[in-house]
Amino acid sequence: LLTDKSGPASLPAEDISANSNGPKQDSLFDDDPEDLFAEATEEVSLDSPEREVLLSDGPSPAITPITPPTSVITPKTCSDPFLLTLYSCFLKIEEEEGGDSFDMHISVSDPEKVGDGMNAYMAYKVTTKTSMSLFKTDEFSVKRRFSDFLGLHSKLASKYLHIGYIVPPAPEKSIVGMTKVKVGKEDQSSNEFVEKRRSALERYLMRTVKHPILLKDPDVLQFLESSELPRAVSTQALSSAGLLRMVNKAADAVNKMTIKMNESDAWFEEKQQHFENLDVQLRKLHASVESLVCHRKELSVNTAQFAKSAAMLGNSEDHTALSRALSQLAEVEEKIDQLHQDQANADFYLFSELLGDYVRLITAVKGVFDHRMKTWQKWQDSQLLLQKKREAEAKLQFTNKPDKLQQAKDEIKELEGKVQQGERDFEQISKTIRKEVSRFEKERVKDFKMIIIKYLESLVQTQQQLIKYWDAFLPEAKAIS
Amino acid sequence: MMEEVKEVTPTLSVHADNIKVTEVLKEGDTLTFIIVSQKLSGTGEYHVDRTYDDFEWLQQHLFSQEDVPGIQGVIFPPLPAKAQVNASAKVMKQLGFLGLEEWQPYCKALENFLQQIAAHSILCKNKALEIFLTSSDPPGRQRVRKNIFNRLSQAVVEMRKESHKDVDEFFQTERDHNLVLTGCTKTATERFLDVVLTEQKIAVACGHFSAALQLCVEQGEDPDKQAFSKACVKLSEVFNSMMKNMTSVAENNVNTLGVGLDLESRYQEAEKEMLFRRTCKLVELETARRNAEKAKPVKKAAMEEVKKAAETEFDHICGVAKQEIAQFHGLRVKMLQQALVQWCEKQLLTAKEKADQFDQHLQAFRGMA
């Protein structure tokens, strides 16, 4: 039995040359969508706990840490009829993972204040619409509060982050924003805050369920389906600020490592650099968009002010036709103000929030890279310890202490197991990360493209509206004389 | 060097409506304006270069025409404030719209100033205008003696006269109305300027975002990287379009409604000045009447003379003022209409162009898959 609960299946170690610390780059991890089993090169041992997972029908019970069913069987090497029947299970899972048959839409709506004073909270309605067989019905909703979302994220992070899965970060906490709402301030800024949060919660859930592994997690399913959810406590654990602190701690730990990791796997080195660069660029873009949103809001305020002054001018004007035209001018400007506000919202909700989401996601990505380092370090530490024990054992051979010798031999045996496990863990996390990164990159492109199209559509629409307004005003202006 | 004023009734030798300020040259700290006007007889043109001081010279000459009866009843075409290269923030604020777009609106304002003078039945007769437009030498930079029209020199105590009750309902109404309109127009002009300045900020922000997107282009053959890079390049183009759009919208705002409101605002102030001068004359007249009444027999005749002179002058002023007001009402409606129509037409054109462009971007993007 494995002592390390969170480890993946005990797969036979791959033959790796001594100076590399990861599988060779070219051989195993082409993410070729045609060949579903391209990654599969190892056989599943029939003793592995994974077997239970593979054999069960539905999602595993909540208490068992989930070992993700990565495709581990190769059709070429397998002749066992039992294993062959498992293909169909995997095939089904892979198809669903393929993305074409992902059919699920989650909406977060109807924010409702529950309670009074500082104990008050916002309850949101979470509605799921889906045709996937994973669920009992194809439309259902539940009521959730913000801490429930944080609780969900906390659980997912503790289960999946350290084995290399990019768990989408939960939305930010905000003491100021929430206090205003609790205190009952029904003004524009607190309404904006609630809307911003609602949108963020929706995006968070969609990202989470789009992940083929996370979707099947029992905590996720419970979150979406259960009418009652145990109250999440200590949700400080893994907000994105918490995540960032964790990553920084891990980074510090890495720097303190006595043996520097010999990153001869160029893929990981390149990807890490790539994400560093991407982080910097996205932050710049984010700052740029925030500035744009700020100016647009300012324009809306100024346009409204101008509209008011134009109306006053129209009222004071003697000349009838001119007075009328000026009043119309005021109305046109008011309408244009509304357009400015809509545009500011588009800028914000489409770009600013997207960029913010991705900056936070990249923090999670950096986190899994750091976990890989830690896993490697753990393996190396075990190896060093084993070596020391062997040296100690060799010395004991020449002494007359049979008990101590036996103890040493036992310890060595245990350590050998640990070293093997460490190596397997390292390979597994490396493999998982490769897959995750590939998925992440594809999602990133899809996300950005979709947002850009939405944005362009809003631009086109704004212009059409503008044309209508000017067209209507022109005859009024011409009629003055 | 000023030329001798001839005794012949002066007439302007150029077309009034064709006076153009065609260029502005920057020489150190000075701005020099090139003014072109068309000869009435024949097909020739006058090209002259003038600085702001020359414009002030002209204005001072117009103000100091004391021999013209009722001259104080004239609504003098307003001269914009002085513009400078590297103007201070205070100067720029004072100039408002006229300080934007590389001095083009400012040139238009100067042009308008000259055209209005040339079209004015009384003012066009002043020789100073002819010299200003046709003399190859600058008209002379010496300051003409201070005149009564310079409000800055008026004592604070004179300001109280502004609210002095009128004897004529027509004028009282006009004064009240002018007071309201001046305030409203000033506010509207300032607020519209705020709109334009924010539009310019947005244009700059769009430009920054466009440039930042260019930096996100990643090298490599990785299909995801290439797809992302392509998307960034395309989006960069979109924001570049948006920047140009905002710039056009701001430009349109400045060149049509902006300068229109600015001109209206300055003209309202000019009318206010005229009405104030008349009110001051009214106060003078009432004082003269009281003095004549109360005068001791010794002084009575002299006081009566003064009173008669004041009455005559006041009548002349009222006569001119009534004409001017009627003309002004017609003029300002025409100017505002022109501004509003041009503004709407330009914005409509820009909006249509941009709608097409954005649509093209959208189609191109969808096709990128």
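Please read all numbers here as calculations on a predicted model, not as lab measurements. (Residues numbered from 1 in each chain as written. Chains lettered and ligands numbered in written order. Predicted model: local features only at pLDDT ≥ 70, side-chain atom pairs only at ≥ 80, totals over all residues. Heavy atoms only, no water.)

1. A few points about the overall build of chain A
Next up, step 1: When helices and strands are tallied, chain A shows twelve helices and three strands.
Next up, step 2: The proportion of buried residues among the 481 residues of chain A is 51%.
Next up, step 3: Working note: accessible area of chain A is about 23900 Å², and carbon and sulfur atoms make up 54% of it. (Helix = DSSP H or I, 4+ residues; strand = E, 2+ residues; numbered from the N terminus. Buried < 20%, exposed > 50% of the residue type's maximum accessible area, 1.4 Å probe, protein only. Areas by Shrake-Rupley, 256 points an atom, 1.4 Å probe, with all protein chains shown as cover.)

2. Here's the deal with the sheet that holds strand 3 (residues 139-145) of chain A
Residue and element names in this part refer to chain A.
Next up, step 1: Read across the open sheet, the three strands follow the order 1-2-3; overall the sheet is antiparallel. Strand pairing shows two members of the sheet lacking a second neighbour, strand 1 (104-114) and strand 3, which therefore form its edges. The average angle at which neighbouring strand axes cross in this sheet is 20 degrees, direction not considered.
Next up, step 2: Taken strand by strand, helix 4 (residues 146-160) contacts strand 2 (121-130) and strand 3, and its axis lies near 100 degrees from that of strand 3.
Next up, step 3: The sheet contacts of helix 8 (residues 218-225) involve strand 1, strand 2 and strand 3, and relative to strand 3 the element is tilted by about 95 degrees. (Pairing = 2+ DSSP bridges. Axes fitted to C-alpha atoms, helices over the stretch in contact; angles between N-to-C directions. Contact = heavy atoms within 4.5 Å.)

3. Looking at the domain arrangement of chain B
All names here are of chain B.
Next up, step 1: We note that the domain assignment places domain 1 (1-155) and domain 2 (165-369) within chain B.
Next up, step 2: For domain 1 and domain 2, the distance between their C-alpha centres works out to 21 Å.
Next up, step 3: Each partner contributes to the interface: domain 1 provides 26 residues, whereas domain 2 provides 31 residues.
Next up, step 4: When the two sides are added together, the surface that domain 1 and domain 2 hide from each other amounts to roughly 2600 Å², 64% of it contributed by carbon and sulfur.
Next up, step 5: Taken together, the links from domain 1 to domain 2 amount to five residue pairs in polar contact (both at pLDDT 80 or more).
Next up, step 6: Here the residues of the side of domain 1 that touches domain 2 are counted per class, giving 16 nonpolar, eight polar and two charged. (Domains from an automatic or database assignment. Buried area = accessible area lost by both parts, 1.4 Å probe. Polar contact = N/O pair within 3.5 Å; in protein donor to acceptor, adjacent residues only side chain to side chain. Nonpolar A, V, L, I, M, F, W, Y, C, P; charged D, E, K, R; others polar.)

4. What about the UniProt feature "coiled-coil region" (unreviewed entry) in chain A?
Next up, step 1: Look at the UniProt record and you will see "coiled-coil region" (unreviewed entry) annotated at residues 405-432 of chain A.
Next up, step 2: Here residues 405-432 of chain A is 100% helix and 0% strand, with 40 Å between the C-alpha atoms at its ends. (UniProt positions renumbered as here; feature names shortened; annotations may be inferred.)

5. Some points on the pairing of strand 3 (residues 45-50) of chain B
Side-chain positions along a regular strand alternate between the two faces of the sheet.
Residues and elements named next belong to chain B.
Next up, step 1: With six bridges joining them, strand 2 (residues 30-38) and strand 3 adopt antiparallel strand pairing. Bridge assignment links Q38 to a residue of strand 3, and that residue is E45.
Next up, step 2: In textbook terms, the turn of a hairpin is the stretch between consecutive antiparallel strands, and for strand 2 and strand 3 this stretch comprises six residues, one of which, G42, has a positive phi near 85 degrees.

6. Description of the interface of chain B and chain A
Next up, step 1: The interface of chain B with chain A comprises 61 residues on the first partner and 58 residues on the second.
Next up, step 2: Buried area between chain B and chain A, both sides added, is near 5400 Å², and the carbon and sulfur share of it is 76%.
Next up, step 3: The interface formed by chain B and chain A includes seven salt bridges.
Next up, step 4: Counting the contacts that link chain B with chain A gives 14 residue pairs in polar contact (both at pLDDT 80 or more).
Next up, step 5: Broken down by secondary-structure element, the contributors of at least two residues to the side of chain B that touches chain A are helix 6 (169-214), helix 7 (223-294) and helix 8 (297-368) of chain B.
Next up, step 6: Residues belonging to the side of chain B that touches chain A are distributed by class as follows: 38 nonpolar, nine polar and 14 charged. (Salt bridge = Lys/Arg side-chain N within 4 Å of Asp/Glu carboxyl O.)

7. Some details on the sheet that holds strand 3 of chain B
All names here are of chain B.
Next up, step 1: Strand order in the open sheet formed by three strands is 1-2-3, with antiparallel pairing between adjacent strands. One side of each edge strand has no neighbouring strand; the edge strands of this open sheet are strand 1 (20-27) and strand 3. Ignoring which end each strand starts from, the neighbouring axes of this sheet average 20 degrees apart.
Next up, step 2: The sheet contacts of helix 3 (residues 104-119) involve strand 1 and strand 2, and relative to strand 1 the element is tilted by about 130 degrees.
Next up, step 3: Here helix 4 (residues 127-134) sits on the sheet in contact with strand 2 and strand 3, set at roughly 90 degrees to strand 3.

8. What to know about the nonpolar core
Next up, step 1: One finds L205, L224, L282, L329 and W470 of chain A together with F239 and L340 of chain B to be the most contacted residues of the largest nonpolar core, which totals 137 residues.
Next up, step 2: The contacts of L340 of chain B, once residues within four sequence positions are left out, are L322, A325, L329, F473, A477 and I480 of chain A together with L257 of chain B.
Next up, step 3: I19, I35, C107 and A118 of chain B belong to the second largest nonpolar core, which has 40 residues in total. (Core = buried A, V, L, I, M, F, W, Y, C linked by side-chain atoms within 4.5 Å.)

9. Observations concerning the packing of helix 12 (residues 402-478) of chain A against helix 7 of chain B
Next up, step 1: Two elements in contact, helix 12 of chain A and helix 7 of chain B, have axes whose closest approach is 10 Å; the angle formed by their N-to-C orientations is 20 degrees. As summarised for this structure, helix 12 of chain A and helix 7 of chain B are arranged roughly parallel, according to the angle between their axes. The handedness of the crossing between helix 12 of chain A and helix 7 of chain B comes out as left-handed. Residues S438, E441, K442, R444, V445, F448, K449, I452, Y455, L456, L459 and Q463 of chain A of helix 12 of chain A touch helix 7 of chain B, and the partners they reach there are D224, A227, F228, A231, L235, V238, F239, M242 and N245 of chain B.
Next up, step 2: Across the contact of helix 12 of chain A with helix 7 of chain B, the residue classes tally to 13 nonpolar, three polar and five charged. (Parallel < 35°, antiparallel > 145°, perpendicular 65-115°, else oblique. Left-handed = near helix turned anticlockwise from the far one by under 90°.)

10. Things to note about the environment of A231 of chain B
Next up, step 1: Assignment of secondary structure puts A231 of chain B in helix 7.
Next up, step 2: A231 of chain B sits 137 residues away from M368 of chain B along the chain, and the two C-alpha atoms are 8.6 Å apart.
Next up, step 3: Excluding its chain neighbours within four sequence positions, the residues that come into contact with A231 of chain B are I452 of chain A together with F365 and M368 of chain B.

11. With respect to the packing of helix 7 of chain B against helix 8 of chain B
All names here are of chain B.
Next up, step 1: As a packed pair, helix 7 and helix 8 sit with axes 8 Å apart at the nearest point and diverge in direction by 170 degrees. With respect to helix 8, the element helix 7 is oriented roughly antiparallel.
Next up, step 2: In terms of residue class, the contact of helix 7 with helix 8 is built from 32 nonpolar, 15 polar and 18 charged.

12. Digging into the pattern of salt bridges
Next up, step 1: Following the criterion strictly, the structure yields 45 salt bridges over all chains and no others.
Next up, step 2: The partner of R283 of chain A in a salt bridge is D279 of chain A, with the nearest N and O atoms 3.1 Å apart. Residue R283 of chain A and its partner D279 of chain A are located together in helix 10 (residues 266-316), separated by four residues, close to a single helical turn.
Next up, step 3: We classify D279 of chain A as buried; its relative accessible area is 9%.
Next up, step 4: A salt bridge links K201 of chain B to E298 of chain A, with the shortest nitrogen-to-oxygen separation between them at 3.1 Å. Of the two residues, K201 of chain B is situated in helix 6 and E298 of chain A in helix 10; the pairing between them involves two chains.

13. A closer look at the state of the cysteines
Next up, step 1: Under the definition given, this model contains zero disulfides over all chains.
Next up, step 2: C294 of chain A takes part in no disulfide bond, and the closest cysteine sulfur, belonging to C206 of chain B, lies 14 Å away.
Next up, step 3: Residue classification places C294 of chain A among the partly exposed positions, given a relative accessible area of 49%.
Next up, step 4: Here C318 of chain B stays unpaired: no disulfide links it, and the sulfur of C280 of chain B, its closest cysteine neighbor, is 13 Å away.
Next up, step 5: With a relative accessible area of 14%, C318 of chain B lands in the buried category. (Disulfide = S-S within 2.5 Å.)

14. Re empty space enclosed by the protein
Next up, step 1: For the structure shown, the criterion picks out seven cavities of 30 Å³ or more.
Next up, step 2: Roughly 400 Å³ of volume is contained in the largest cavity.
Next up, step 3: Taken together, 26 residues form the lining of the largest cavity, with H340 and L466 of chain A together with N245, M246 and V249 of chain B sitting closest to its centre.
Next up, step 4: Broken down by secondary-structure element, the contributors of at least two residues to the lining of the largest cavity are helix 10, helix 11 (320-396) and helix 12 of chain A together with helix 6, helix 7 and helix 8 of chain B.
Next up, step 5: Taken together, the residues that form the lining of the largest cavity break down as 15 nonpolar, eight polar and three charged. (1 Å grid on protein atoms, 1.4 Å probe; cavity = no way out; pocket = protein on both sides within 12 Å on 5 of 7 lines; lining within 4 Å. Points joined across faces, edges and corners; volume = space filled by probe spheres on them.)

15. Observations regarding the packing of aromatic side chains
Next up, step 1: Applying the stated criterion to the full structure yields 30 aromatic pairs over all chains.
Next up, step 2: Centre to centre, the rings of Y160 of chain A and Y165 of chain A are 5.9 Å apart; their planes meet at 85 degrees, and the pair counts as edge-to-face.
Next up, step 3: Among the residues examined, Y165 of chain A registers a relative accessible area of 4% and is labelled buried.
Next up, step 4: Here a set of aromatic residues connected by ring pairs shows up, and it is made of W267, F268, F275, Y358, F369, F440 and F448 of chain A together with F228 of chain B.
Next up, step 5: When the ring centre of F223 of chain A is taken as reference, the NZ or CZ atom of R144 of chain A above it lies at 5.2 Å.
Next up, step 6: Between R278 of chain B and the ring centre of F171 of chain B, over which it is positioned, the NZ or CZ distance is 3.7 Å. (Phe/Tyr/Trp six-rings, centres within 6.5 Å; stacked < 30°, edge-to-face > 60°. Lys NZ or Arg CZ within 6 Å of the ring centre and 35° of its normal.)

16. Brief notes about the pairing of strand 2 of chain A
All names here are of chain A.
Next up, step 1: Here strand 2 lies mainly inside the structure; seven of its ten residues are buried.
Next up, step 2: Where strand 1 and strand 2 come together, nine bridges link them in antiparallel fashion. In the strand pairing of strand 2, M104 is matched with T130.
Next up, step 3: Connecting the antiparallel pair strand 1 and strand 2 is a turn made up of six residues, with G115 showing a positive phi of about 85 degrees.

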